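Structural overview for review
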Amino acid sequence: MYIKKECVAMLLAGGQGSRLYALTKDMAKPAVPFGGKYRLIDFPLSNCVNSGIDTVGVLTQYQPLVLHDYLGNGQPWDLDKMHGGVHALPPYQNINGASWYSGSANAIYQNISFIDRYNPTYVVVLSGDHVYKMDYNKMLECHKAKNADCTIPVLDVPLEEASRFGIMTANEEGFITKFEEKPKNPKSTLASMGIYIFNWDKLKKALIENENDPEQEKDFGKNIIPNMLADGNVMVAYPFDDYWKDVGTLDSLWDANMDLLNPNIPIDLYDPNWKMYSRNPVMPPQYIGEDAVIENSMVTDGCEIFGSVDFSVIFEGVKIGKGAKVNYSIIMPGTVIEDGADVEYAIVGENSVIGKNAKIGTDPTEFANRDDWGIAVVGHGITVAEGKTVSPKAIISENV
Amino acid sequence: MSDKNVLGLIFSNLHDESINDLTRRRTMGSVLFGGRYRLIDFPLSAMVNSGVGEVGVITKKNYQSLLDHLGNGREWDMSRKNGGLHLLPPFSHNQDGIYRGRLEALYGVWEFVMRSNADYILLSDCDIVANMEYDKIIDAHIASGADITAVYAKGNVRMDESHTATVFGVADNGQIADVLISPEMSGDSNISLNTYVIGKTLLKNIVMDAKPRNLVDFEKDVLQAKVSTLKLMGYEYTEYYSRISSMQSYFEANLALLNTENRRALFKADSPIYTKVRDNPPAKYGINASVKNSLIGDGCIVDGKVENCILFRGVKVGAGTSLKNCIIMQDTVIGKKCGLQNVITDKKVTITDGRLLTGSSRCPLFLAKESEI
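Read on for a plain summary of the structure. (Residues numbered from 1 in each chain as written. Chains lettered and ligands numbered in written order. Predicted model: local features only at pLDDT ≥ 70, side-chain atom pairs only at ≥ 80, totals over all residues. Heavy atoms only, no water.)

1. A word on the overall build of chain B
Helix and strand counts for chain B come out as ten helices and 28 strands. Principal-axis analysis of the C-alpha atoms places the extent of chain B at approximately 65 × 45 × 40 Å. Considering chain B as a whole, with its 373 residues, one finds that 62% of them fall into the buried category. When contacts within chain B are restricted to residue pairs at least 6 apart in sequence, those whose partners lie at least 24 apart make up 59%. Of the roughly 14400 Å² that chain B leaves accessible, carbon and sulfur atoms contribute 46%. Charged side chains in chain B number 43 positive and 43 negative. The centres of these two groups are separated by 6 Å. (Helix = DSSP H or I, 4+ residues; strand = E, 2+ residues; numbered from the N terminus. Buried < 20%, exposed > 50% of the residue type's maximum accessible area, 1.4 Å probe, protein only. Contact = heavy atoms within 4.5 Å. Areas by Shrake-Rupley, 256 points an atom, 1.4 Å probe, with all protein chains shown as cover. Lys, Arg positive; Asp, Glu negative; His and termini not counted. Charge placed at Lys NZ, Arg CZ, Asp CG, Glu CD.)

In C-alpha cells form, the structure reads like this:
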C-alpha cells in the first residue's frame, strides 16, 4: 500500500565524474567529500528535505559502494520514512536481461515503476554534483501557477561561457521558446542548471517515446527537453540568482570549497533555517594545539591541528603535525599530514598520509606561465613518503 | 564484548547537588562536558561498547533535558527491538517518585529490572568521566565469585572534595575490608567510582529486604553494613578518569582534556563516545582568529583569540575578543573586544561587545543559561 505523494525527487548520482580523476577512482562523484563535513550529495538531499520533499530515488551506477553506505537508511537526512524516504536505485536485471543506465533519461525510464508506486503529480529531477541551496517547493509553486508541464531553473551566465550549458530563450513571462544543448553560437545567456520539475504524466510519455526511438540518445538535455518543447508542452524558465556551482572538475571542486571561506560569496552553511544535513562522524571536538596557527579556515570534529592552517578546508579526523603548513588546500577525512610537511594549493583525498617534510603543490605566483601551474591532487588512501615532492598540476593515484 | 547477560542501570540524578549551578534545570547526567558531550554519554557509550545491550536510565527530577538528549537512544545504537535504552522517569516508580537513595530508587524500578533476562546488573552514576571497559569488570566479578564488585581508583582526594567521596579499604587479595562514606580526609586513597556489578538475585534480595527496614542508601546500608558478611571485591581501575564533585573539579576535568594524552585515553577509536547529533557545519576560523591549546566544537565561528578553552558546538567569538581558560557552552555568543578569563558560561549566554569578565581557577565565574551580560 503506497500513499500518493504530490512530488517525488529523482537524483542522478550514477556518473563517474571522470574529470575528478583520482578522487573518483573508487567512488561516484556525488560521494566526493565537500565543505569540511559533507559529500556532494548532501546538498540536493538537504534541499529536498528542507523543501518538504520526503521521497527521493537516488540513481546509482558507477562505484556505488561508498555512496550506498553513506546513504544507509536515510536517517541523517530524516529520510528514513515509513512512506517514502530515500531509496538507492542501481541498475537491475529483468525478464529481458540486464542493462546499464545508458543515459540520464534511460535511468529514469528504467525506474518508472518506482515512481508510479507513489502516483506523483510532479517529479523533480536533480543532479548529485551541484553545490547550491534551493527551495524546490517555491519552484513547484511557480510551476503550478504557470500551469507548466516542465520548469527549468536557469542561471544568467556570461555569454562567453554559455556554450558549456544548455541555453534557452524565453519570452517575458518566462515561457521557453527555444532550447539548445551546448550551442556553438549561443543566442541567449539563460543556462539550464540541469535540474527539472515535470508533470509526471508528460515526462513519462516523453521517456517512453525517447526509449522507443533507437536514433536518439537517452539524455535530458539533448533529447527529452527539446522533444517536449517540440511537442508543444508548456516549458518555463525559473530564474535562480543565488550561489550555484557544478563541481565537475578539480578546479571547480577546489574553487567551490574556497568559496565557503569567502564571506562575500553567498553560500551560508550556518543558516539555522536551511540546515545542511550529513552523516555525522562520531569523534571528539577538534583540538588546536599550543603552537598551531589557524586562520580563514574550516575545520571539523576529530581533527588535531599542531601546525599552521590558512585558507583551507579540513575534514573530520585529520591530523596536522608540528611545523606542517597547509595553505589554500582541501584535506579530506582521516588524512594525516606529518610534521614539517608543506601542502599548498592542493586537494588531498581521504585516509592518505603525507610524510614528514613532504611538499605537495606550490603557490601559482612562482610560475611565470600560469598554464604550467595547477592544483596538486593526491587521491584517497595514498601514502606520500617522507621528503617526497608532488608538483603542482600532478594527480597522484599510486603511493610515492 | 561481554557474552554475559547484563543489564546496565545509570543513575542520572545522584550527585546533582555537587554542582548546583549546572543542575538547576537539568540532571547530573545531562550536564554538558568536553565540548560536545553530556556526562551520561560516557557511561552509556561505554556500556554500548562493552556489549551491555540493555540499559535503564533512572531519573528523579529535572529530566526534560535528559529525555531530549537521549531520545530513543538511536545515537548510541540503542534503539532496539530487544533490549536497548529505557528511560525510567519517576512515574514508573512504585512510590511518589522522589527516592531518597540508590536502594530506594532500585526498589522503584524493580519491575523493570525483573522483566530483563539479565543475570548481572551493572550500576553506574554520571559523576565519573571515563571510558570503562565494563566487560572486563564483569568478567572479573564472575571470576572472583564476588557478591558485589565495586570499581575504585587509587587517587588523591582533596579535603574540600572528600565529603562527596566514598573510600574503600582494600585488602591484599582485592577484597574490600572497609567502607568510608564522606570521610573528612585528604591524601592517597581508594576512591569509589560509583560503579558496581552485582548478581540480579542477590540485588533483589537486598532491595526487598531493605524496603520494610526503611533502608535507602546502597553505600551505607549495603556496602558498609555488610562489609563482613558479603564478599565485596574491589576492581582497581587504572586508566584515565575524572570525578566531578564540585564546580572546581568540573572546570579542571574539562580543561584536562586539553592534554593530548588524556584526550586520547578517553576518546579511543575502537570505543567511541556517542552523543546527540546536531548537524552543525564545521567550525570556521576568521581572519583575526588565533587559537591555542583549545577544544573547539563544530559550528563555532571564531574570529578572536582563544587560549586554553573549551568551546561547545555553535559558539561565536567576535573579533578582538580574548578568551583564556574558559568553558563556553553551546550557542553562546560573545561579541567583539570582550575579555574573559576563568569563566564558565552555560548554554545560550549572550555577552555584548566590550565586556571584561574574570573568575579565578579555584572559583571560575559562572554565567547561567540564557543570561545576557
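Still to come is the rest of the account.
2. A closer look at the sheet that holds strand S24 (residues 339-341) of chain B
Residue and element names in this part refer to chain B. The five strands lie next to each other as S15-S18-S21-S24-S27, forming an open sheet whose pairing is parallel. Of all strands in the sheet, those bounded by a partner on one side alone are strand S15 (290-292) and strand S27 (356-358). Going from strand to strand, the sheet's axes swing by 5° on average, the running direction of each strand aside. Sheet topology note: the strand S21 (residues 322-324)/S24 ladder contains three bridges and is parallel. Paired with Lys-324 across the two strands is Gln-341, which belongs to S24. (Pairing = 2+ DSSP bridges. Axes fitted to C-alpha atoms, helices over the stretch in contact; angles between N-to-C directions.)

3. Considerations on unusual backbone geometry
Positive phi, normally seen in glycine, also occurs at A:Tyr21, with a value near 45°. One can find A:Tyr21 in the loop between strand S1 (7-12) and strand S2 (33-34). Exposure remark for A:Tyr21: the relative accessible area of 48% places this residue in the partly exposed category. One non-glycine residue, B:Asn62, adopts positive backbone phi at about 55°.

4. Quick notes on the side chain of B:Ser246
With respect to the secondary-structure elements, B:Ser246 resides in the loop between strand S13 (241-243) and helix H9 (247-255). Apart from the residues within four sequence positions on either side, B:Ser246 is in contact with B:Ser18, B:Ile19 and B:Glu161.

5. Focus on the pairing of strand S14 (residues 196-199) of chain A
All names here are of chain A. Judged by which residues are buried, S14 turns out to be covered on both faces: Tyr-196 and Phe-198 on one side and Ile-197 and Asn-199 on the other are all buried. In the sheet, strand S8 (residues 122-127) pairs with S14 via four bridges, with the strands oriented antiparallel. Considered in S14, the bridge of Val-125 is made with Tyr-196. In terms of strand pairing, strand S10 (residues 150-156) meets S14 through two bridges, oriented antiparallel. Bridge assignment links Cys-150 to a residue of S14, and that residue is Phe-198.

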